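Summary of the model geometry
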Protein chains: 2
Amino acid sequence: MDEPVLLTGAEGRVGRAIRGGIAEDYDWRFLDREPPAEETDHEFVVADVTDDEAVRDAVEGVGAVIHLAGDPRPEAPWNSVLQNNIDGAQTVYEAAVDAGVEKVAFASSNHAVGHYETERKPDIYRTQDDYLLDGSELPRPSNLYGVSKAAGETLGRYYHDEHDLSVVCVRIGNLTKGHPPIDYERGQAMWLSYRDCAHLFERCIEADYGYEIVYGISDNDRKYYSLERAKDVLGYSPSDNSADFTNQGEPKDDA
Amino acid sequence: MDEPVLLTGAEGRVGRAIRGGIAEDYDWRFLDREPPAEETDHEFVVADVTDDEAVRDAVEGVGAVIHLAGDPRPEAPWNSVLQNNIDGAQTVYEAAVDAGVEKVAFASSNHAVGHYETERKPDIYRTQDDYLLDGSELPRPSNLYGVSKAAGETLGRYYHDEHDLSVVCVRIGNLTKGHPPIDYERGQAMWLSYRDCAHLFERCIEADYGYEIVYGISDNDRKYYSLERAKDVLGYSPSDNSADFTNQGEPKDDA
């Protein structure tokens, strides 16, 4: 992509994973509610994603948006996710359409579908279980944060259908740096390594799609999220697998 | 049901259809933002569904809620549906759970799935087409109002999964009094007569269910919404069929 790429929530965890992997590959415009913790070579906009005017300025001239900004807490209260996540997403989609942006990658979450696990755990976290979610299922949020992420997906569907915006919703798993979560089977099954995260969002910038819901996890032996759409449509080719690490987070001998 | 039933949006079109059919069958508590246009024998609460305290008072002691209140305009602006429809639904579900209410019937809309029609019209409105939506499909809203209704469905899924509230979401078609819409194939395919509307919501009060998405239309010859779940789970048994009327709205000889 030749045009600039807007990254909202650039200072958050997912933003840092993306910047760690592909910071040099694009003409970035970073946006966050907080000023940058460290100096950056790229344009940095300090603004809230519910600020309509600021968002309109921020999307001007960009080719793609990676929209991560929002309240990231699974336990966030309703009023916060209503404003920051639902209203924030609508503000970004609407501004993107008006500015002629081509693509929006929306950071959705495993919490949009967390209640599929309820009657199936702990078996669902283990390799002998072949239950698989593929993105075509209706949301079953585990919390109001998950409700807000599902609403962001539905907003994306509308802006695609109505305004032909390309939208990919990435239901992000458990993003941790260096190694998978320890003593947490669920987190290991939905582990997303930093480099796979950066690569996946690079594919969201580069690939051609209409509207997609994909799962954002590494290619873990244990998984209940299908990577089929991410691989087929986006060309996602993950490098990591939580099974290549011991439960102490050390790489296995053969990894 | 022996306990009172709360009907929000009691003065709106759907509220009037329900009251016209089953007003005498329940100990109703009506709620609307506007005072009643005509005198009623039932308790009437004038309140906004985004008013947390008023809603908590209104659900106290009720066995079931039929939640219709919200901005009903397909062209309603985002800020209105965000507050009145999305925040309003959350306020009602949350209060219902806290008060120990057993069931909530949520008025969703055909606009939650309107964009399934886009590449298929006008064939989808005609009897020779067998394309059918059944409620298991992801939303494809035709407008921001439809987005808000889909969000209300997802909120219901969460409150069911997390708090064991029984929730049925009724994707209401085209409700008109007396006869189907004239010169409007789409409206004829998704016609809901007043008596079928009242009967359907009576089933929502009486039937046993966990979480359901059903379509609220009469048993029209032309239809692209399945009535299977409504019939099987709720015991819905519609009386009307738009094909029994001429396109001038007159009953056919054999109807």
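Chain A appears in an unreviewed UniProt entry as NAD-dependent glucose-6-phosphate dehydrogenase from Halarchaeum grantii. A UniProt comment under Function (unreviewed entry) is attached to chain A, and it reads "Catalyzes the NAD-dependent oxidation of glucose 6-phosphate to 6-phosphogluconolactone."

1. Considerations on empty space enclosed by the protein
A full pass over the atoms with the stated rule returns 3 cavities of 30 Å³ or more. In this model, the largest cavity occupies a volume close to 70 Å³. What lines the largest cavity is P139(A), A150(A), E153(A), T154(A), R157(A), Y211(A), I213(A), L138(B) and P139(B). Within the residue set of the lining of the largest cavity, elements represented by two or more residues are helix 4 (144-163) and strand 9 (211-216) of chain A. Element by element, the count of residues in the lining of the largest cavity is highest for helix 4 of chain A, at 4 residues. Across the lining of the largest cavity, the residue classes tally to 6 nonpolar, 1 polar and 2 charged.

2. Details of a negative patch on the surface
On the surface, a cluster of negative charge is contributed by E24(B), D25(B), E39(B), D41(B) and E206(B). In this fold, D25(B) is placed in the loop between helix 1 (13-22) and strand 2 (28-32).

3. Details of the UniProt feature "binding site: NAD(+)" (unreviewed entry) in chain A
Residues and elements named next belong to chain A. In this structure's numbering, the residues bearing the UniProt feature "binding site: NAD(+)" (unreviewed entry) are N84, S109, Y145 and K149. Within the secondary structure, N84 sits in helix 3 (residues 78-98). Not counting chain neighbours up to four residues away, the residues in contact with N84 comprise R33, D48, V49, T50, A69, G70, D71 and A89. As for its placement among the helices and strands, K149 is situated in helix 4. Accessibility expressed as a relative area gives 5% for K149, which makes it buried. Once residues within four sequence positions are removed from consideration, K149 is found in contact with N85, F106, A107, S108 and S109.

4. Considering the relation of the copies chain B and chain A
With an axial shift of 0.0 Å and an RMSD of 0.0 Å, the rotation relating chain B to chain A amounts to 180 degrees. The operation mapping one copy onto its partner corresponds to a two-fold rotation axis. Comparing interface residues between copies, 100% of those in chain B also lie at the interface in chain A; the contact surface is shared.

5. So, the interface of chain B and chain A
Counting residues at the interface gives 28 residues for chain B and 28 residues for chain A. Area buried by chain B at its contact with chain A is led by W78(B), L138(B) and Y158(B), which between them contribute 23% of it. Summed over the shared surface of chain B and chain A, the number is 2 salt bridges. Of the charged contacts in the structure, one is a salt bridge between D161(A) and R140(B), with a shortest N-O distance of 2.8 Å. The interface formed by chain B and chain A contains 8 residue pairs in polar contact (both at pLDDT 80 or more).

6. Some remarks on the sheet that holds strand 1 (residues 5-8) of chain A
Residue and element names in this part refer to chain A. Pairing is parallel across the open sheet formed by 7 strands, whose spatial order is 3-2-1-4-5-6-9. Of all strands in the sheet, those with a lone pairing partner are strand 3 (43-46) and strand 9, marking the two edges. Averaged over all pairs of adjacent strands, the angle between strand axes in this sheet comes to 20 degrees, irrespective of strand direction. As defined by bridge partners, strand 2 (residues 28-32) adjoins strand 3 across 4 bridges and the pair is classed as parallel. Looking across to strand 3, one finds that F30 is bridged to F44. Lying on the sheet, helix 2 (residues 52-59) is in contact with strand 1, strand 2 and strand 4 (64-67); it crosses strand 2 at an angle near 165 degrees.

Rules behind the numbers
Residues numbered from 1 in each chain as written. Chains lettered and ligands numbered in written order. Predicted model: local features only at pLDDT ≥ 70, side-chain atom pairs only at ≥ 80, totals over all residues. Heavy atoms only, no water. UniProt positions renumbered as here; feature names shortened; annotations may be inferred. 1 Å grid on protein atoms, 1.4 Å probe; cavity = no way out; pocket = protein on both sides within 12 Å on 5 of 7 lines; lining within 4 Å. Points joined across faces, edges and corners; volume = space filled by probe spheres on them. Helix = DSSP H or I, 4+ residues; strand = E, 2+ residues; numbered from the N terminus. Nonpolar A, V, L, I, M, F, W, Y, C, P; charged D, E, K, R; others polar. Patch = residues over 30% accessible without salt bridge, like charges linked within 9 Å, V, L, I, M, F, W, Y side chains within 5 Å. Areas by Shrake-Rupley, 256 points an atom, 1.4 Å probe, with all protein chains shown as cover. Salt bridge = Lys/Arg side-chain N within 4 Å of Asp/Glu carboxyl O. Lys, Arg positive; Asp, Glu negative; His and termini not counted. Charge placed at Lys NZ, Arg CZ, Asp CG, Glu CD. Contact = heavy atoms within 4.5 Å. Buried < 20%, exposed > 50% of the residue type's maximum accessible area, 1.4 Å probe, protein only. Least-squares fit on C-alpha atoms with pLDDT ≥ 70 in both. Buried area = accessible area lost by both parts, 1.4 Å probe. Polar contact = N/O pair within 3.5 Å; in protein donor to acceptor, adjacent residues only side chain to side chain. Pairing = 2+ DSSP bridges. Axes fitted to C-alpha atoms, helices over the stretch in contact; angles between N-to-C directions.

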